[in-house]
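Reading the structure
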Amino acid sequence: MKLLAALASSLVALAACGGSDSGAPDTMLLDLSVAGQAVIKVRAGPDAAALLEEKLVSLRESGPERRLTLLDDSGAVRSRYVAPRGRALIDFAQHPSGEISVVLATAKTVTLVRLDRLAAAISEFELLDPQAPNDPFYDDGGVHDDTSMLPIFTRDAVRVAAVGESVVVALRTGRNAVVAYRFEYARPAGYSQTWRTLVEPGLSMFGLGVTSGSFDVFGQLENHFDVQLDADEQGRIAVAVVGNPGLAPLFAAHADYFNQPTSITSGVLVSRLGPDGQRLGTTLIDTTQSSELHGLRLSDDDIAVVGRVYSQQLDDGTGWNAYAAHVDGASGALRHYGTVDVDRGEVLFDIAPLGQGRYLVAGTAGYVQNPTGASISEQTTPLLAVLESDGTLKQRIDVATGARQNQLRSIIARGGHWLVGGLVNGPGTHSGDGDSALITADGLVREIAIAAP
């Protein structure tokens, strides 16, 4: 595939494995297989785990196709939620009460839906924003739609995070501005908006088309539209987006509108908001080369972001490396940015604090990509590893693999253990070129105990 600038489940139960005090798994408590659905997000609730599962679709099909699955403590499916016809389930947030907020999208609309502990809908609220068409806009000839709450090119540009029983939503509008909102929740009234904050101004953005291939392995064709969000119990918020000079020249727009001069053109912008929505500042992370943003985690005084960066064009297709960066949550100072080079190509999807200044990261490694295009190999290996605070690789943890694409997409602490979600036997870029039935994957959820580092 060359880039052209343009436009669960059947469950299998408990397995066990030995370990040591070196950081390797000590005991694997739960090993779930999700037939035909990738697991892209895992959260632990008061009763069970909640999974965001996705049926993979080809580049010729609209998406995403996701569902929410709730598990009980034994790992059995307790209930499921599927979006009404015509809407796509994009993201969810787990509340302390056990209730869940999900965000649904059409091509132009965004709706919050409250679910009870059995995933039955309690109430819904359409997010309307009369200010959005008037947000500042830096016009460079790109396509935008002032009548839409989401970008023209994707519905997958909205995220939700819980603050107690309330929620924070961050999205990219049809004007390509990034906006954050907070909604309080009470029965029987439902959601009510308390504030709105412009995180990044609107600007012209461009899509990516392809000359060949049938599947977008890492979502690289839409990644520059993505918004990452996290919030903590105190209501502090972090929002991150990626800038790319050819597709999303966000650094220049940010520098002008917020009077924060910079020479950076490629990298990540991490914005901090207070509980009242007040902007506390934006940290600019220079990745130098073209990069993608795939994960964000706010914990105590640390904001961590992960993804991948095209470090070097190499003939063997191994020029992509994972990266991890850390921002001081109080001052906004950049504590660390560095690449993680394990095996050929790498990408990180999630990161979480492990204790003693170390972090657990999840992703994939061992792939190659067309050095002048977007074609990604069918074979990859799962990447679960411990990083030091400076990004140094302390240990890679072995995880069982499938025959094709293997990705670990989400990690979350549950008691003294970790839930890890991902997929095995997924497709590469060209796997489904002759047979679309090969665009499929099986999900996994594994509960592991990791000895103190």
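Quick summary incoming for the structure in this document.

Notes on the overall build of the protein
Regarding its fold elements, the protein presents 1 helix and 32 strands. The C-alpha radius of gyration computed for the protein amounts to 20 Å, which stays within 12% of the reference 22 Å derived for 453 residues, consistent with globular compactness. Taken along its principal axes, the extent of the C-alpha atoms in the protein is 60 × 60 × 45 Å. Across the 453 residues of the protein, 59% fall into the buried class. Charged side chains of the protein number 35 positive and 53 negative; the gap between the two group centres comes to 4 Å.

Remarks on empty space enclosed by the protein
Unfilled space is identified by rolling a water-sized probe across the atoms. Of the pockets and cavities examined, the largest cavity occupies roughly 80 Å³. Forming the walls of the largest cavity are Gly 45, Pro 46, Asp 47, Ala 48, Ala 49, Ala 50, Leu 70, Arg 78, Gln 94, Gly 98, Ile 100 and Arg 117. In the lining of the largest cavity, the residues fall into 6 nonpolar, 3 polar and 3 charged. Considering the residues around the second largest cavity, the lining is formed by Leu 30, Ala 48, Ala 49, Leu 71, Asp 72, Asp 73, Arg 414, Leu 419 and Glu 447. When its residues are assigned to classes, the lining of the second largest cavity shows 5 nonpolar, no polar and 4 charged.

Some thoughts on the nonpolar core
In terms of nonpolar packing, the biggest core is built from 29 residues, with Leu 68, Tyr 81, Leu 89, Ile 100, Val 102 and Leu 115 touching the most fellow members. Going through the elements one at a time, strand S3 (38-44), strand S4 (49-55), strand S5 (65-71), strand S7 (88-94), strand S8 (100-105), strand S9 (110-115) and strand S26 (345-355) are the ones with two or more residues in this core. With 3 residues, S8 is the largest single contributor of residues to this core. If sequence neighbours within four positions are ignored, Tyr 81 has contacts with Arg 67, Leu 68, Leu 89, Val 102, Leu 104, Val 113, Leu 115 and Ala 119. Residues Ala 170, Met 205, Phe 225 and Val 241 belong to the second largest nonpolar core, which totals 25 residues.

Brief notes about the pattern of salt bridges
With the rule as written, the count across this model stands at 26 salt bridges. Between Arg 196 and Asp 129 there is a salt bridge; the shortest N-O distance is 2.6 Å. Here Arg 196, found in strand S15 (residues 190-200), pairs with Asp 129, found in the loop between strand S10 (121-126) and strand S11 (137-138); they are 67 residues apart in sequence, far enough to count as distant. With relative accessibility at 9%, the residue Asp 129 sits in the buried group. Linking Asp 232 and Arg 236 is a salt bridge whose minimum nitrogen-to-oxygen distance equals 2.6 Å. According to the relative accessible area criterion, Arg 236 is partly exposed, its value standing at 35%. One network of salt bridges, in which partners are shared, links Glu 54, Arg 66, Asp 156 and Arg 159.

Brief notes about the sheet that holds strand S27 (residues 358-367)
Read across the sheet, 4 strands follow the order S26-S27-S28-S29 without closing on themselves; strand pairing throughout is antiparallel. With partners counted over all chains shown, the strands left at the sheet margins are S26 and strand S29 (393-397), one partner each. Across the sheet, the mean angle separating the axes of adjacent strands is 25° when strand polarity is ignored.

What about the environment of Arg 80?
Its place among the elements puts Arg 80 in strand S6 (residues 77-82). C-alpha of Arg 80 to C-alpha of Leu 70: the two residues are 10 residues apart in sequence and 6.1 Å apart in space. Side-chain polar atoms of Arg 80 contact the side chain of Thr 69, separated by 3.0 Å.

Some thoughts on the pairing of strand S19 (residues 237-243)
Two faces make up the sheet, and in a regular strand the side chains alternate between them. Among the 7 residues in S19, 7 count as buried, and that is most of the element. As paired strands, strand S18 (residues 228-231) and S19 are joined by 4 bridges and run antiparallel to one another. Within the sheet, the bridge partner assigned to Gln 228 lies in S19 and is Ala 240. Between S18 and S19, which follow one another and run antiparallel, lie 5 residues, and Gly 235 among them has a positive phi close to 90°.

Considering the packing of aromatic side chains
Taken as a whole, this structure holds 9 aromatic pairs when the rule is applied. With a centroid separation of 5.5 Å and an interplanar angle of 65°, the aromatic rings of Phe 125 and Phe 183 are classed as edge-to-face. In this pair, Phe 125 is assigned in strand S10 and Phe 183 in strand S14 (residues 178-186), connecting sequence segments 58 residues apart. Ring geometry for Tyr 257 versus Phe 258: centroids 4.9 Å apart, planes at 85°, classification edge-to-face. Judged by relative accessible area, which is 23%, Phe 258 ranks as partly exposed. Here Lys 41 stacks its cationic end above the ring of Phe 92, 4.8 Å away from the centre of that ring. Looking at Arg 114, its charged tip hangs above the ring of Tyr 185, at a distance of 3.8 Å from the centre.

Things to note about the sheet that holds strand S13 (residues 166-172)
Pairing is antiparallel in the open sheet, where 4 strands are placed in the order S12-S13-S14-S15. With one partner strand each, in any of the chains shown, strand S12 (158-163) and S15 form the two edges of the open sheet. Neighbouring strand axes in the sheet, compared pairwise and without regard to direction, differ in orientation by 20° on average. Across 6 bridges, S12 lies against S13 in antiparallel orientation. In the sheet register, Ala 161 faces S13, and the bridge partner there is Val 168.

Reading the values: the criteria
Residues numbered from 1 in each chain as written. Predicted model: local features only at pLDDT ≥ 70, side-chain atom pairs only at ≥ 80, totals over all residues. Heavy atoms only, no water. Helix = DSSP H or I, 4+ residues; strand = E, 2+ residues; numbered from the N terminus. Rg over C-alpha atoms; globule rule 2.2 N^0.38 Å. Buried < 20%, exposed > 50% of the residue type's maximum accessible area, 1.4 Å probe, protein only. Lys, Arg positive; Asp, Glu negative; His and termini not counted. Charge placed at Lys NZ, Arg CZ, Asp CG, Glu CD. 1 Å grid on protein atoms, 1.4 Å probe; cavity = no way out; pocket = protein on both sides within 12 Å on 5 of 7 lines; lining within 4 Å. Points joined across faces, edges and corners; volume = space filled by probe spheres on them. Nonpolar A, V, L, I, M, F, W, Y, C, P; charged D, E, K, R; others polar. Core = buried A, V, L, I, M, F, W, Y, C linked by side-chain atoms within 4.5 Å. Contact = heavy atoms within 4.5 Å. Salt bridge = Lys/Arg side-chain N within 4 Å of Asp/Glu carboxyl O. Pairing = 2+ DSSP bridges. Axes fitted to C-alpha atoms, helices over the stretch in contact; angles between N-to-C directions. Polar contact = N/O pair within 3.5 Å; in protein donor to acceptor, adjacent residues only side chain to side chain. Phe/Tyr/Trp six-rings, centres within 6.5 Å; stacked < 30°, edge-to-face > 60°. Lys NZ or Arg CZ within 6 Å of the ring centre and 35° of its normal.

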